[in-house]
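Each chain, letter by letter, is given below.
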Amino acid sequence: MTTEQKIEQFIIRNSKNGYFTKVSTIPYKFEISEDTTWNIVGGLLSSGTLESFHDEVTGEMKLCETGKIYSIMDLEKKRKRAKFHTTKNNKPILKKKKIQKNI
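Residues numbered from 1 in each chain as written. Predicted model: local features only at pLDDT ≥ 70, side-chain atom pairs only at ≥ 80, totals over all residues. Heavy atoms only, no water.

Student: Describe the overall build of the protein chain, with residues and values.
Tutor: Tallying secondary structure elements over the protein chain gives four helices and three strands in all. Counted from the first residue to the last, the protein chain has its helices and strands arranged as α-β-α-α-β-β-α. With 103 residues in all, the protein chain has 28% of them scored as buried. Across the protein chain, every contact between residues at least 6 apart in sequence was considered, and the portion connecting residues at least 24 apart equals 45%. For the protein chain, the exposed surface amounts to about 8300 Å²; the carbon and sulfur share of it is 52%. (Helix = DSSP H or I, 4+ residues; strand = E, 2+ residues; numbered from the N terminus. Buried < 20%, exposed > 50% of the residue type's maximum accessible area, 1.4 Å probe, protein only. Contact = heavy atoms within 4.5 Å. Areas by Shrake-Rupley, 256 points an atom, 1.4 Å probe, with all protein chains shown as cover.)

Student: Describe the packing of aromatic side chains, with residues and values.
Tutor: The geometry of an aromatic ring pair is captured by the separation of the ring centres together with the interplanar angle, meaning the angle of the planes. Using the criterion set out here, one finds two aromatic pairs in the structure. Taking the centre distance of 5.6 Å and the plane angle of 80° together, the rings of phenylalanine 10 and phenylalanine 30 count as edge-to-face. In this pair, phenylalanine 10 is assigned in helix H1 (residues 3–16) and phenylalanine 30 in helix H2 (residues 26–30), connecting sequence segments 20 residues apart. Note on phenylalanine 10: relative accessible area 13%, which makes it buried. Across the ring face of tyrosine 19, the terminal group of arginine 79 is positioned such that the distance to the ring centre comes to 4.0 Å. (Phe/Tyr/Trp six-rings, centres within 6.5 Å; stacked < 30°, edge-to-face > 60°. Lys NZ or Arg CZ within 6 Å of the ring centre and 35° of its normal.)

Student: Outline the side chain of threonine 21, listing residues and values.
Tutor: With respect to the element layout, threonine 21 can be found in strand E1 (residues 21–22). Assessed through its relative accessible area of 2%, threonine 21 is described here as buried. Residues in contact with threonine 21, not counting those within four places in the same chain, are Phe10, Ile11, Asn14, Ile26, Met61, Lys62 and Leu63.

Student: Report on the side chain of lysine 62, specifying residues and quantitative values.
Tutor: Inspection of the secondary structure puts lysine 62 in strand E3 (residues 61–65). Here the side chain of lysine 62 touches aspartate 55 through a polar contact of 3.0 Å, side chain to side chain. When near neighbours in sequence (up to four residues on either side) are disregarded, lysine 62 contacts Phe20, Thr21, Lys22, Glu51, Ser52, Phe53, Asp55 and Glu76. (Polar contact = N/O pair within 3.5 Å; in protein donor to acceptor, adjacent residues only side chain to side chain.)

This is the structure in structure tokens:
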């Protein structure tokens, strides 16, 4: 299997599991140069196999299987809300200490 096919399968597998793949993670995961990564990603995007978008917050280019952008965005929002609610509910309650006056 070629590196391009491995990368394509990795991105599609992430999409099926409800996650985007950041382009910046591909060189580390597959131990290839950034130039090679961009050449491969460009080829996959032009073939129509994958879609991309830029995250408004981080500026990262994210990839997914064609037709899955909005469903994965929706899953990300749900995960963030769930994470926010669990961390909000798990915070310890600070009790006010009673100050005793020594008279």
